[in-house]
Amino acid sequence: MTTRQTYTTNAINLKSYPLKESDKIIVMYSRDKGIIHAVAKGIKKPKSSLGARMEAFIANNLLLSKGRNLDVVSQAETLNSFGDTRKDLDKIFYSMYLTEVVNNFGVENDPCAADTYDTLYNALKAIACATEKKDVLLTVLKFQLKIMHISGFSPEFNTCLKCGCKVDSNAYFLINEGGIICENCINDSRGKLVIHNKIREFLNYLAQADYSAVTDYETKATEKVCEVCFNLLKKCIEQHSARKIRTTEILAAI
Ligand SMILES: [Zn+2]
């Protein structure tokens, strides 16, 4: 008889698919390996000890057994269930958006696994702790910018994509190209997205800011400004995403 090889890792649940009567395949983002798919056996049975631990965006410390095709979750110890998120619809949807973005950009044996895991974990934690919607949005904006940075497509908010000059006034943002062009370089401004200088500076600041930062930018930002920025960054992320991001359709409807 051969003993199955096992390994442990910290992972956040992203998604699940039904498998057989009582099993599910869980897609998770692990701190060591990036995306992993594993079978949670008997999870649909009422007495399953894994059931609650395998719900969306819960972080677990896992013991997995290597399988021929898919690994199997042998044990799960919850590190954080982000309980305060589960009582608030906005928090739930934005947390779902975060996990969907990670699911779309994460890969197996991801070289950026630790960075991506920490970015997601800390954002989920900050959302759970937030006391108002503006704080949820500020966290999501920082997450969007961090994920774009990790994935290698940070938007350019400082210099004009055409002439390379340093921009310190209102500019135009080109979603397709992921950056700004200055007022001198724009031939036809029709249908172009104007980015106000203050928004440009705000996004530049957020790209460097920690989730726990509380500066004038966080204090003075309004929910409306955060929503405008969220939609801008959401479009930039969608440009690079192979799959459609569905949570944003739900967000737009609420
Ligand atoms: Zn220019």
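Residues numbered from 1 in each chain as written. Predicted model: local features only at pLDDT ≥ 70, side-chain atom pairs only at ≥ 80, totals over all residues. Heavy atoms only, no water.

## Comments concerning the overall build of the chain
The cut-off we apply is this: In DSSP terms, a helix is any run of H or I states spanning at least four residues, a strand is any run of E spanning at least two, and both are numbered starting from the N terminus. Type-normalised accessible area, obtained with a 1.4 Å probe on protein chains alone, sets the label of each residue: buried when under 20%, exposed when over 50%, and partly exposed for intermediate values. For accessible areas, the Shrake-Rupley method is used with a probe of radius 1.4 Å. Any residue's cover is judged against the shown protein chains and nothing else. Lys and Arg are tallied as positive, Asp and Glu as negative. Neither His nor the chain termini are counted. By convention, the charge on Lys lies at NZ, on Arg at CZ, on Asp at CG and on Glu at CD.
Along the chain, the regular secondary structure elements total seven helices and eight strands. Here the chain holds 254 residues, and the buried ones make up 48% of them. Here the chain has roughly 13400 Å² of accessible surface; of this, 48% comes from carbon and sulfur atoms. Averaging the coordinates of the 34 positive side-chain charges in the chain and doing the same for the 29 negative ones gives two points 6 Å apart.

## What about the coordination of the zinc ion?
To keep it simple, the criterion reads: The rule for donors is simple: N, O or S, within 2.8 Å of the metal, or within 3.2 Å if the metal is Na, K or Ca. Water isn't counted, so a site may look like it is missing partners. The geometry test gives tetrahedral to four donors whose angles all lie between 85 and 135 degrees, gives square planar to four donors and octahedral to six donors whose opposite members are over 155 degrees apart with all other angles between 65 and 115, and gives irregular to the rest.
The coordination sphere of the zinc ion, as far as protein atoms go, consists of Cys160 (SG), Cys163 (SG), Cys182 (SG) and Cys185 (SG), spread over 2.3 to 2.4 Å. Given four donor atoms and angles of 105 to 115° at the metal, the environment of the zinc ion is assigned as tetrahedral. Written as a sequence motif, the donor arrangement for the zinc ion is C-x2-C-x18-C-x2-C. Taken together, the residues Cys160 in the loop between α3 (133-150) and β6 (171-174) and Cys185 in the loop between β7 (179-181) and β8 (193-195) connect sequence positions 25 residues apart. Residues Cys160 and Cys185 agree in their burial class; the two are buried.

## What about the confidence of the model for the chain?
The test is simple: Residue-level confidence of the predictor is what pLDDT reports, using numbers from 0 through 100.
Taken over all residues, the pLDDT of the chain has a mean of 92, while the share at 70 or more is 97%. Looking at the elements of the chain, mean pLDDT is at its lowest for helix α7 (residues 247-253), recorded as 70, and at its highest for helix α2 (residues 113-129), recorded as 98.

## Structural notes on the sheet that holds strand β1 (residues 6-19)
For clarity, the threshold we go by: Note on pairing: DSSP must find at least two bridges between two strands before they are called paired. To get an axis, fit a line to the C-alpha atoms, keeping to the stretch in contact for a helix; angles then go from 0 to 180 degrees between the N-to-C directions.
As summarised here, the arrangement of the five strands in space is β1-β2-β3-β5-β4, forming a closed barrel in which the pairing is mixed. Adjacent strand axes in the sheet meet at a mean angle of 50° when their direction is disregarded. When β1 meets strand β4 (residues 59-65), the two strands line up antiparallel, connected through seven bridges. Of the residues in β4, the one forming a bridge with Thr9 is Leu62.

## Description of a positive patch on the surface
Put simply, the test is: The patches described consist of residues with a relative accessible area above 30% and no salt bridge, like charges being joined within 9 Å and nonpolar side chains (Val, Leu, Ile, Met, Phe, Trp, Tyr) within 5 Å. Each salt bridge in this description consists of a side-chain nitrogen of Lys or Arg and a carboxyl oxygen of Asp or Glu lying within 4 Å of one another.
The grouping of Arg4, Lys20, Lys41 and Arg68 at the surface amounts to a positive patch. Tracing the chain through its elements places Lys41 in the loop between β3 (34-40) and β4.

## Comments concerning the sheet that holds β7
Spatial ordering of the open sheet is given by β7-β6-β8, a layout of three strands whose pairing is antiparallel. Edge positions in the open sheet fall to β7 and β8, since each of these has one partner strand only. Neighbour to neighbour, the strand axes of the sheet diverge by 45° on average, direction disregarded. Note that β6 and β7 share three bridges and pair antiparallel. Along β7, the bridge assignment pairs Phe173 with Ile180.

## Focus: α3
Applied cut-off: Working rule for helices: expected span equals 1.5 Å times residues minus one.
For α3, which comprises 18 residues, the first-to-last C-alpha distance of 26 Å matches the rise-based estimate of 26 Å (1.5 Å per residue) to within 8%. The buried fraction of α3 amounts to 15 of the 18 residues, a majority that puts the element mostly inside the structure. Gly152 occupies a position one or two residues after α3 and carries a positive phi of about 85°.

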